[in-house]
Amino acid sequence: MPHSIGYLLGVNKLKTNQKTRTINEINEKIRKGDAQVLTAEEMKRLVESSGVEVAFREVDVVTTGTFGAMCSSDAITNVGHSDPPIKIEKAWINDVPICHPGAALDLYIGATAMSERQPFEYGGGHVIEDLVSGKEVELNATAYGTDCYPRTQVNTRLTKDDLNQFYLLNFRNCYQRYNCAVNGRDETIYTYMGKLLPRLRNATFSGAGELNPLMNDPDYETIGIGTRIFLGGTQGYVIGEGTQHDPQNRFGTIMVRGDAKKMSPEFLRGAAFTRYGTTLYVGLGIPIPILNEGLAKKTAIRDEEIFTSVVDYGVPRKDRPKLATVSYKELKSGVITVNDQRIRVSSLSSLKTARKIAGTLKSWITQGEFFLTAPVERLPVDSVFKPMRQTEETSFVVNVMQKAVTCSETEAVQAVAERIVTRSVNHIVVVDGNGKLTGIVTSWDITRALAQGKKALGDIVTRRVITAKVNEPLETASKRMAQHNISALPVIDNEKKVLGIVTAEDVSKLLGR
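What you see is a predicted model; the values in this text were computed from it and never measured.

**Q** Quick one: what's the story with the pairing of strand 17 (residues 234-241), residue by residue and with numbers?
**A** Summarising the sheet, strand 16 (residues 228-231) and strand 17 pair through four bridges and their orientation is antiparallel. Looking at the pairing, Arg-228 lines up with Tyr-237 of strand 17. Hairpin remark: strand 16 followed by strand 17, antiparallel, with two residues in the connecting loop; positive phi at Gly-232, about 65 degrees. Note that strand 17 and strand 18 (residues 254-259) share five bridges and pair antiparallel. Its bridge partner lying in strand 18, Val-238 is registered against Val-256.

Given below as structure tokens:
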């Protein structure tokens, strides 16, 4: 049943018929305890039951939230001077390499930097969480020594209370939406979207959908430099557009800053993606002041109105194939359909924590603990995300693949052996009547079969074939051959039709040139 206005707002009397309101007016209401605040989910229910005009008249602020892996998250620290002093050149905290971009003592903890002793298990995100939690961490640093900074090494233990500054400084957070990931290969792959099973057997997605801050103000009417936000359990600020900000394609991002000493590990969690690397889960929420009816309408956006692409991460290219378009409502249902195939889908983000962030921010505002700020400069809406300029040519499978020598499974071993000799190859690709891959045999398979007196090709064919695609980087194909200890990959299309073959010898020749 739709919620009544009184249920959502705790009041029954409508306000005067204003067309606009200002942030200063809203802040004055916050001081007096009169501000009416709804979470994004509550706002959507109100608009559905009573309409945009009533929602604008009744609501002052809508709170949003998201909690997910945000790899471009980092912390700036200053550890203070030792005696004698040191000008740090290289540093490690809990065996995680720490960047030293500043003067003698400023250290930059990157969330994705990995421990040298426990790679893929512990990293910079965990260091940040440990410090936020009040845990003691071990700092090791080396230097070349100077007249004014004579010390060449230091080993000590620190907590956040020992640091002069400890600021979260995240240069790309809070993607407006993100792709849904699947894997069209015949093997499992491990990515920043998690473990993806072969042949589209699972899917993953990220983001809070209708709760996402940037999705509720997609034109950045109220978001920009200086906007006060919820960040990691305390108040923080937007300090600009995030890197890779792409608002024209609804992939907006923000750059944020906050005092990590005041943050909570409930909303900052180090994490590791199997066989990919480490990251930091960040909790972030933005209050959207309802300054006009247009913003009231925008904050009513629903998951069924937010769409994203299902992308094949099995293709290791910048522009991966888009297999379908799905809504966040479909993603949150747990099942999507791609080319008539039902695929179970799971979220890499926590909707429960996103809701808690929106609710906490609402509580701060209604209790007069959080005031809104107008941005001194709005985020740009016309930025273009450009690809890297590459001055060296990249080789792909298509550059070296040869025409495959094929046979059918009904052929005799002797006939295939003769073909290996006459064509001077070591691999024969087995295909069906339509030219689709069914297996592979090698010169070693044929030699052994002849020695054992076997005549039927079906007795020796390898059916689980590791393959490549024409648009794959040659480096990726080479690594796959090494991983599986094989010397050739049949090249196939999406229908498994054989297009050619690439061999370790072909790769070696190209690399040699």
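**Q** Any details on the sheet that holds strand 21 (residues 287-289)? Residues and values, ideally.
**A** Spatially, the three strands line up as an open sheet ordered 1-2-21, and their pairing is mixed. On the outer flanks of this sheet lie strand 1 (37-39) and strand 21, each paired with one strand and no other. With direction set aside, neighbouring strand axes in the sheet form an average angle of 25 degrees. Judged from the three bridges that link them, strand 2 (residues 61-63) and strand 21 form a sheet pairing that is antiparallel. Note on strand 21: the bridge partner recorded for Val-62 is Ile-288. Strands strand 1 and strand 2 of the sheet are contacted by helix 3 (residues 40-50), whose axis makes an angle of about 100 degrees with strand 1.

**Q** Explain the packing of helix 11 (residues 413-423) against helix 12 (residues 443-451) residue by residue, including any values.
**A** Where helix 11 contacts helix 12, the two axes come as close as 10 Å, and the packing angle between them is 135 degrees. Taken together, helix 11 and helix 12 sit at an angle that is classed as oblique. As helix 11 packs across helix 12, the resulting crossing turns out to be left-handed. Contact residues: Val-413, Gln-414, Val-416, Ala-417 and Ile-420 in helix 11; Ser-443, Ile-446, Ala-449 and Leu-450 in helix 12. The residue inventory of the contact of helix 11 with helix 12, partitioned by class, reads seven nonpolar, two polar and no charged.

What counts as what
- Residues numbered from 1 in each chain as written.
- Predicted model: local features only at pLDDT ≥ 70, side-chain atom pairs only at ≥ 80, totals over all residues.
- Heavy atoms only, no water.
- Pairing = 2+ DSSP bridges.
- Helix = DSSP H or I, 4+ residues; strand = E, 2+ residues; numbered from the N terminus.
- Axes fitted to C-alpha atoms, helices over the stretch in contact; angles between N-to-C directions.
- Contact = heavy atoms within 4.5 Å.
- Parallel < 35°, antiparallel > 145°, perpendicular 65-115°, else oblique.
- Left-handed = near helix turned anticlockwise from the far one by under 90°.
- Nonpolar A, V, L, I, M, F, W, Y, C, P; charged D, E, K, R; others polar.

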